[in-house]
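The chain contents come next:
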Amino acid sequence: NGQRSIIRHPYFVYLDARRVITIDEEAIENGAVVWSVSEEKLKRVYEEEMDGMMKAEKEEEEEGGSADGRSFSLHFIVIGFVASNTDGVPTTLQRDGSDFSAAIFGRLLRSRRITIWTDVDGVLSADPRRVPQCQIIPDVSYHEAAELAYFGAKVVHPKTMTPAILASPQIPIYIRNTFNPTFRGSRIFTHASSTAAAAATATIG
């Protein structure tokens, strides 16, 4: 058809989370995200980095490096756990702050999914140290995951789920194993389709 294909190459940009995530440290003990301010900051950062990416594309085109239809796709690499308060002073998100950061950016970027990489295959039906026969629960509701956390499950902290629950539409959270990346893991979302989840909650309770 005479049209050349567009090859999209990743354009990676380091993003200091303190430039975006803004919390009100006086709102609650661990600080509450100021969503309107964080969204506005991310918009400015995105526009700045998009301009940088377009400049890089133009420079490559002028150097003759885009004859194959090369185009860039912007990707942010973000270090978690840190943020800024409403006065612009650097602070932290405290316990489980890295996972919380991922969930915050998931909502800010209107992601289709949030993936938390850990050292287990997903949400377990019981403590493997006490119940060797425990199983991975493929689908868990937000409510069930909160109950599991309340009874000692350490896979995901309840505050990590908050941004996903507040998002519209809500964002599913996947718990996956860094050392077993081909395994699907567990999905935490609005309604669990697995009856094992309810059974596990009852067992642990």
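Placed above this text is the structure.
Reading the values: the criteria
- Residues numbered from 1 in each chain as written.
- Predicted model: local features only at pLDDT ≥ 70, side-chain atom pairs only at ≥ 80, totals over all residues.
- Heavy atoms only, no water.
- Pairing = 2+ DSSP bridges.
- Helix = DSSP H or I, 4+ residues; strand = E, 2+ residues; numbered from the N terminus.
- Axes fitted to C-alpha atoms, helices over the stretch in contact; angles between N-to-C directions.
- Contact = heavy atoms within 4.5 Å.
- Parallel < 35°, antiparallel > 145°, perpendicular 65-115°, else oblique.
- Nonpolar A, V, L, I, M, F, W, Y, C, P; charged D, E, K, R; others polar.
- Core = buried A, V, L, I, M, F, W, Y, C linked by side-chain atoms within 4.5 Å.
- Buried < 20%, exposed > 50% of the residue type's maximum accessible area, 1.4 Å probe, protein only.

### A few points about the sheet that holds strand β10 (residues 186-189)
Ordered in space as β7-β9-β10-β8, the four strands form an open sheet in which the pairing is mixed. Two strands bound the open sheet, and with one partner strand each, they are β7 (114-118) and β8 (139-141). When the angles between neighbouring strand axes are averaged without regard to direction, this sheet yields 25°. Alignment of β8 against β10, held across three bridges, turns out to be parallel.

### Side note on the environment of Ala 32
Considering the arrangement of structural elements, one finds Ala 32 in strand β3 (residues 32-33). As a C-alpha pair, Ala 32 and Leu 93 span 61 residues in sequence and 9.3 Å in three-dimensional space. Excluding residues within four positions of it along the chain, Ala 32 makes contact with Thr 22, Ile 23, Asp 24 and Ala 27.

### What to know about the sheet that holds strand β2 (residues 22-24)
Ordered by their spatial adjacency, four strands build an open sheet running β3-β2-β5-β6, and the pairing between neighbours is mixed. A single partner strand is all that each edge strand has here, and the edge strands are β3 and β6 (90-92).

### Remarks on the packing of helix α1 (residues 35-62) against helix α2 (residues 97-108)
Contact geometry of α1 with α2 gives a least axis separation of 10 Å together with a crossing angle of 75°. Compared by their axis directions, α1 and α2 come out roughly perpendicular. Contacts between α1 and α2 involve Trp 35, Ser 38, Glu 39 and Leu 42 on the former and, on the latter, Ile 104, Phe 105, Arg 107 and Leu 108. Split by residue class, the contact of α1 with α2 holds five nonpolar, one polar and two charged.

### Digging into the nonpolar core
Of all hydrophobic cores here, the largest spans 18 residues; its most connected members are Ile 114, Val 123, Val 140, Met 161, Ile 173, Ile 175 and Ile 188. Top element by residues in this core is helix α3 (residues 142-150). It accounts for three residues. Contacts of Ile 114, omitting those with residues within four sequence positions, involve Ala 102, Ala 103, Gly 106, Ala 164, Ile 171, Pro 172, Ile 173 and Tyr 174.

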